[in-house]
Amino acid sequence: MRNLRRWGAVYVLILLFLGSWLGQFFTQLSEFRSEQQTHGEPFTWSDYLASFFASTFENWQSEWLQLVFQAVLLLAAKHLLFQADAEDLERIERKIDNIHERVGAGEVGPEQGDEAAINPEPST
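Residues numbered from 1 in each chain as written. Predicted model: local features only at pLDDT ≥ 70, side-chain atom pairs only at ≥ 80, totals over all residues. Heavy atoms only, no water.

### Structural notes on the overall build of the protein chain
Put simply, the test is: Secondary structure elements are defined from DSSP: runs of H or I of at least 4 residues count as helices, runs of E of at least 2 residues count as strands, and each element is numbered from the N terminus. For each residue, the accessible area found with a 1.4 Å probe, counting protein chains only, is set against the maximum for its type, and the residue is called buried under 20%, exposed over 50%, and partly exposed in between. By definition in these notes, contact holds between two residues if any of their heavy atoms fall within 4.5 Å.
When its secondary structure is counted, the protein chain shows 4 helices and 0 strands. Listing the helices and strands of the protein chain from first to last along the sequence gives α-α-α-α. A total of 124 residues make up the protein chain; the buried ones form 10% of that total. Pairs at least 24 apart in sequence give 29% of the contacts found in the protein chain among residues at least 6 apart.

Rendered as structure tokens:
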């Protein structure tokens with residue numbers, strides 16, 4: 001049950017993917033058979049599977065190209081636009097550390113963590 005909660009979204013996406021791919025398979029199969037009958041040619045699985053995988057890979061190629069392009073743009077935007085946010089957070093952390101030292105709680109090291117920063121014990 002824990003695995004289902006943790007990876008449930010992945011399982012749903014896999015089911016949606018397989019469902020849409022099966023839908024494409026049967027829809028294209030019907031279209032391919034009717035086209036073969038229209039031209040008076042016999043249906044062969046090898047011809048159909050070649051056509052099916054060709055259309056699948058064409059679709060995936062265009063989708064992956066869009067996805068990669070969007071990911072590159074988003075990463076570039078994150079790097080350029082949100083770089084100031086990281087610097088602001090570091091500046092805020094330095095100010096909090098300064099305040100912490102001024103109230104007499106001493107310097108907070110990485111080994112003490114957040115507990116020491118939240119509940120400082122004044123040094124006498």
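Back to the write-up after that little detour.
### Observations regarding helix α1 (residues 2-38)
An α-helical segment advances 3.6 residues per turn. Residues three or four places apart therefore align on the same side. Note the following rule: One fewer than the residue count of a helix, multiplied by 1.5 Å, yields its expected span. The angle between axes fitted to the seven-residue stretch ending at a residue and the seven-residue stretch beginning at it gives the bend at that residue.
Here α1 contains 37 residues, and its C-alpha end-to-end distance of 53 Å stays within 8% of the 54 Å for a straight helix at 1.5 Å per residue. Considering bend angle alone, the principal kink of α1 is centred on Gly8 and spans about 65°. Packing partners of the buried residues in α1 comprise α2 (45-81). Note on α1: the residue one or two positions beyond its end, Gly40, has a positive phi of about 75°.

### Here we look at a negative patch on the surface
The cut-off we apply is this: Each patch is built from residues that are more than 30% exposed by relative accessible area and take part in no salt bridge. Like charges join if they lie within 9 Å; nonpolar side chains (Val, Leu, Ile, Met, Phe, Trp, Tyr) join within 5 Å. In this description, accessible areas are obtained by the Shrake-Rupley approach with a 1.4 Å probe, and a residue is regarded as covered only by the protein chains that are shown. Whenever Lys or Arg places a side-chain nitrogen within 4 Å of a carboxyl oxygen from Asp or Glu, that contact is recorded as a salt bridge. Positive charges come from Lys and Arg alone, negative charges from Asp and Glu alone, with His and the N- and C-terminal ends not counted. In this description, the location of a charge corresponds to atom NZ of lysine, CZ of arginine, CG of aspartate or CD of glutamate.
On the surface, Glu87, Glu90, Glu93, Asp97 and Glu101 cluster together to form a negatively charged patch. You can see Glu87 is positioned in helix α3 (residues 83-102). What makes Glu87 partly exposed here is its relative accessible area of 47%.

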